[in-house]
Amino acid sequence: MEKTTKWDSKKISEFLLNYALYIILGLMLIVIICVNPKFLSVSNFTKILTQASTRIILALGVAGMIVLAGTDLSAGRILGCGAAISASLLQSVTYASRMYPQITEPLPLILPLLLSIVVCVAFCLLNGFGVEKLHMHAFIISLGTQLIAYGALCLYIDSQKGGAQPIASLDSRYIDLVNGYWFGIPHLVYFMVICAIVMWFVWNKTTLGKN
């Protein structure tokens, strides 16, 4: 009887340690719901999911490295650099202070997206080269790439005519694409779901993912 009690207490302790984060989050949710029952509203969950969508997309990109006990400190800065490049090309052609006044006709939305992907992939290739060929730790090479990406972003913004200024007045087509709704669900959620499906396929159905 005493051995059984010790075994049960050991199992309970292991369970609490393994699922401590989920238990704490669950308790926090219960408290929040008790204080403000409107937290359970559909609109609130839609807002939370919309805000989390961009972070989930970024997390999908670095999850593979984390699973392999790696790290990437440069992901956020690289994302910011790519976003600035695409946004500068998506400014409204009627905006007088746009970064590229020579662009007088709206560009296809896919073009700035592809260009930003090329830039981000180039930085990622630099990380991969440092780890694979130079045998540097991922923490060190991604720290360096983070600084390079930030420096490149500052130079790019500062290259504007008249000096650095905010990249504003985006094309209405782009705003509608990002902030629009389909069947009451924001477009961002659909983009996140598509990215999750693609990464699920890569991780589960390809040789790269299985390795």
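Residues numbered from 1 in each chain as written. Predicted model: local features only at pLDDT ≥ 70, side-chain atom pairs only at ≥ 80, totals over all residues. Heavy atoms only, no water.

Draft legend 1. Here's a closer look at the overall build of the protein. Each helix and strand in the protein was counted, giving nine helices and two strands. For the protein, the α and β elements follow one another from N to C terminus as α-α-α-α-α-α-α-β-β-α-α. Residues classed as buried in the protein amount to 21% of the 211 residues present. Residue pairs in contact within the protein that sit at least 24 positions apart in sequence constitute 61% of those at least 6 positions apart. Carbon and sulfur atoms make up 72% of the accessible area of the protein, which totals about 14,900 Å². Across the protein, the centroid of the 14 positively charged side chains sits 4 Å from that of the 9 negatively charged ones. (Helix = DSSP H or I, 4+ residues; strand = E, 2+ residues; numbered from the N terminus. Buried < 20%, exposed > 50% of the residue type's maximum accessible area, 1.4 Å probe, protein only. Contact = heavy atoms within 4.5 Å. Areas by Shrake-Rupley, 256 points an atom, 1.4 Å probe, with all protein chains shown as cover. Lys, Arg positive; Asp, Glu negative; His and termini not counted. Charge placed at Lys NZ, Arg CZ, Asp CG, Glu CD.)

Draft legend 2. Seen up close, the nonpolar core. Grouped together as the largest cluster of nonpolar side chains are ten residues: Ile78, Cys81, Ala84, Ile85, Met99, Cys120, Phe123, Ala149, Leu153 and Tyr156. Put simply, the parts of the chain that give this core at least two residues each are helix H4 (75-89), helix H5 (110-132) and helix H6 (138-158). Residue contributions to this core peak at four residues, all from H4. Those residues in contact with Ile78 that lie beyond four places of it in its chain are Cys120, Phe123, Cys124, Asn127, Thr145 and Ala149. (Core = buried A, V, L, I, M, F, W, Y, C linked by side-chain atoms within 4.5 Å.)

Draft legend 3. Representation of unusual backbone geometry within the structure. Despite not being glycine, His135 shows a phi value in the positive range, around 55 degrees. Tracing the backbone through its elements, the reader meets His135 in the loop between H5 and H6. A relative accessible area of 67% places His135 in the exposed class. The phi angle at Phe183 is positive, at roughly 55 degrees, despite the residue not being glycine. With respect to the helices and strands, Phe183 occurs in the loop between strand S1 (181-182) and strand S2 (185-186). Given the relative accessible area of 70%, Phe183 is considered exposed.

Draft legend 4. Region of interest: the packing of aromatic side chains. Across all of its chains, the model carries five aromatic pairs by this definition. Measuring from centroid to centroid gives 5.0 Å for Phe15 and Tyr19, while their planes differ by 35 degrees, and the two rings are tilted. Here the aromatic rings of Tyr19 and Tyr22 are separated by 6.2 Å at their centres, their planes lie at 50 degrees, and the arrangement is tilted. Since its relative accessible area comes to 58%, Tyr22 is described here as exposed. One aromatic cluster is present, built from ring pairs that chain together Phe15, Tyr19 and Tyr22. It is Arg77 that lies over the ring of Tyr150; its NZ or CZ is 4.3 Å from the centre. (Phe/Tyr/Trp six-rings, centres within 6.5 Å; stacked < 30°, edge-to-face > 60°. Lys NZ or Arg CZ within 6 Å of the ring centre and 35° of its normal.)

Draft legend 5. Region of the structure containing the environment of Lys47. In this fold, Lys47 is placed in helix H3 (residues 42-67). For the pair Lys47 and Pro186, spaced 139 residues apart in sequence, the C-alpha separation works out to 8.9 Å.

Draft legend 6. Highlighting the environment of Leu17. Tracing the backbone shows Leu17 in helix H1 (residues 2-18). With 182 residues separating them along the chain, Leu17 and Met199 place their C-alpha atoms 30 Å apart.

Draft legend 7. The arrangement of the packing of H3 against helix H8 (residues 187-205) in detail. Between H3 and H8, whose axes approach to 9 Å, the crossing angle comes to 20 degrees. With respect to their mutual orientation, H3 and H8 come out roughly parallel. Between H3 and H8 the crossing geometry is left-handed. Residues Leu49, Thr50, Ser53, Thr54, Ile56, Ile57, Leu60, Ala63 and Gly64 of H3 touch H8, and the partners they reach there are Leu188, Val189, Phe191, Met192, Cys195, Ala196, Met199 and Trp203. Here the contact of H3 with H8 is composed, by residue class, of 13 nonpolar, four polar and no charged. (Axes fitted to C-alpha atoms, helices over the stretch in contact; angles between N-to-C directions. Parallel < 35°, antiparallel > 145°, perpendicular 65-115°, else oblique. Left-handed = near helix turned anticlockwise from the far one by under 90°. Nonpolar A, V, L, I, M, F, W, Y, C, P; charged D, E, K, R; others polar.)

Draft legend 8. Representation of the environment of Cys124. Note on placement: Cys124 falls in helix H5. Separated by 45 residues in sequence, Cys124 and Leu79 have C-alpha atoms that sit 11 Å apart.

Draft legend 9. Quick peek at the packing of H5 against H6. It is at 9 Å that the axes of H5 and H6 come closest, and there the two elements cross at 150 degrees. Considering their axes alone, H5 and H6 lie roughly antiparallel with respect to each other. Viewed along their axes, H5 and H6 form a crossing whose handedness is right-handed. Between H5 and H6, the residues in contact are Phe123, Leu126, Asn127, Gly130 and Val131 and Ala138, Ile141, Ser142, Thr145, Ile148, Ala149 and Ala152, respectively. Here the residues of the contact of H5 with H6 are counted per class, giving eight nonpolar, four polar and no charged.

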